[in-house]
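Structural description and commentary
Residue-level listing of the chains:
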Amino acid sequence: MIETEELVKQITEGIQEKKGRDIVVANLTATDNSVCKYFVICEGNTPTQVSAIADSISDYVRNNTGIKPIGIEGLRNARWVVMDYGDVLAHIFVPEDRAFYNLENLWADAHLTEIPNLD
């Protein structure tokens, strides 16, 4: 069984492969009634990039762990795509939708880790 932290690492690498930016990992393990253990939140500049990031995450995770997402929502418009990996939800936004929904602050007691952008 793969460790949740390794899953988060693979998701992060998939995001970075397609130049996803402003990655934040929200650790929800100490949060009561959370829907999962981690959120991985990032953004792409356009819906096309958001779709490419989602594809990259799926490929990285499947190739390195053998795990496929339980579900993927939002690919039609690709402004906010969420990928469900059970203990981890990956959220990929266009910048304006990310600012509007502000998931980082929705879970006030989550521990947030910012991953530096690769330039």
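Preceding block: the structure.
Attention in this report is confined to the structure presented alongside it. These numbers come from a predicted model, not from an experiment.

Right, let's get into the overall build of the protein. Secondary structure summary: the protein contains four helices and six strands in total. The secondary structure elements of the protein, listed N-terminal to C-terminal, are α-β-β-α-β-β-β-α-α-β. Scaling as 2.2 N^0.38, a compact globule of 119 residues should have a C-alpha radius of gyration of about 14 Å, and the protein matches this with 13 Å. Overall, the C-alpha framework of the protein stretches about 35 × 35 × 30 Å when taken along its three principal axes. Counting only residues that meet the buried cut, the protein has 42% of its 119 residues in that class. Accessible surface computed for the protein: about 6600 Å², of which carbon and sulfur atoms make up 48%. The centroid of the 10 positive side-chain charges in the protein is displaced by 7 Å from the centroid of its 19 negative side-chain charges.

Turning our eyes to something else, we now look at the environment of Cys-42. Relative to the elements of secondary structure, Cys-42 occurs in strand β2 (residues 38–43). In the structure, Cys-42 is positioned 56 residues away from Arg-98 in sequence and 8.3 Å away in space, judged by C-alpha atoms. Setting aside its immediate chain neighbours within four residues, Cys-42 contacts Ile-15, Arg-21, Asp-22, Ile-23, Ile-53, His-91, Ile-92, Phe-93 and Arg-98.

This brings us to the packing of aromatic side chains. Going through the model one piece at a time under the given rule, you end up with four aromatic pairs. Ring centres of Trp-80 and Phe-93 lie 4.8 Å apart, and the angle between their planes is 25°; on these two criteria the pair is classed as stacked. Here Trp-80, found in strand β4 (residues 80–84), pairs with Phe-93, found in strand β5 (residues 88–93); they are 13 residues apart in sequence, far enough to count as distant. According to the relative accessible area criterion, Phe-93 is buried, its value standing at 1%. Ring centres 4.9 Å apart and planes at 90° place the aromatic pair Phe-100 and Tyr-101 in the edge-to-face group. Given a relative accessible area of 64%, Phe-100 falls into the exposed group. Members of the aromatic cluster, joined through ring pairs, are Trp-80, Phe-93, Phe-100 and Tyr-101.

Once their charged atoms are close, side chains differing in charge can pair, the charge on each being opposite to the other. In this structure the tally under the stated criterion is seven salt bridges. Notably, a salt bridge pairs Asp-87 with Lys-37, separated by 3.7 Å at the nearest N-O pair. Of this pair, Asp-87 sits in the loop between β4 and β5 while Lys-37 is found in the loop between β1 (21–27) and β2, placing the two residues 50 residues apart along the sequence. Here Asp-97 makes a salt bridge to Arg-79, at a shortest N to O gap of 3.0 Å. Residue Asp-97 is located in helix α3 (residues 95–101), and its partner Arg-79 is located in the loop between β3 (71–73) and β4; the two are separated by 18 residues in the primary sequence. Here Asp-97 falls in the buried class, since its relative accessible area comes to 15%. Overlapping salt bridges bring together Glu-43, Arg-98 and Glu-104 as one network.

This part is about the pairing of β1. Pairing between β1 and β2: five bridges, direction antiparallel. The residue of β2 that forms the bridge with Asn-27 is Tyr-38. Examined bridge by bridge, β1 and strand β6 (residues 111–115) share five bridges and lie antiparallel to one another. Across the sheet, residue Ile-23 finds its bridge partner in β6, namely Ile-115.

The rules we used
- Residues numbered from 1 in each chain as written.
- Predicted model: local features only at pLDDT ≥ 70, side-chain atom pairs only at ≥ 80, totals over all residues.
- Heavy atoms only, no water.
- Helix = DSSP H or I, 4+ residues; strand = E, 2+ residues; numbered from the N terminus.
- Rg over C-alpha atoms; globule rule 2.2 N^0.38 Å.
- Buried < 20%, exposed > 50% of the residue type's maximum accessible area, 1.4 Å probe, protein only.
- Areas by Shrake-Rupley, 256 points an atom, 1.4 Å probe, with all protein chains shown as cover.
- Lys, Arg positive; Asp, Glu negative; His and termini not counted.
- Charge placed at Lys NZ, Arg CZ, Asp CG, Glu CD.
- Contact = heavy atoms within 4.5 Å.
- Phe/Tyr/Trp six-rings, centres within 6.5 Å; stacked < 30°, edge-to-face > 60°.
- Salt bridge = Lys/Arg side-chain N within 4 Å of Asp/Glu carboxyl O.
- Pairing = 2+ DSSP bridges.

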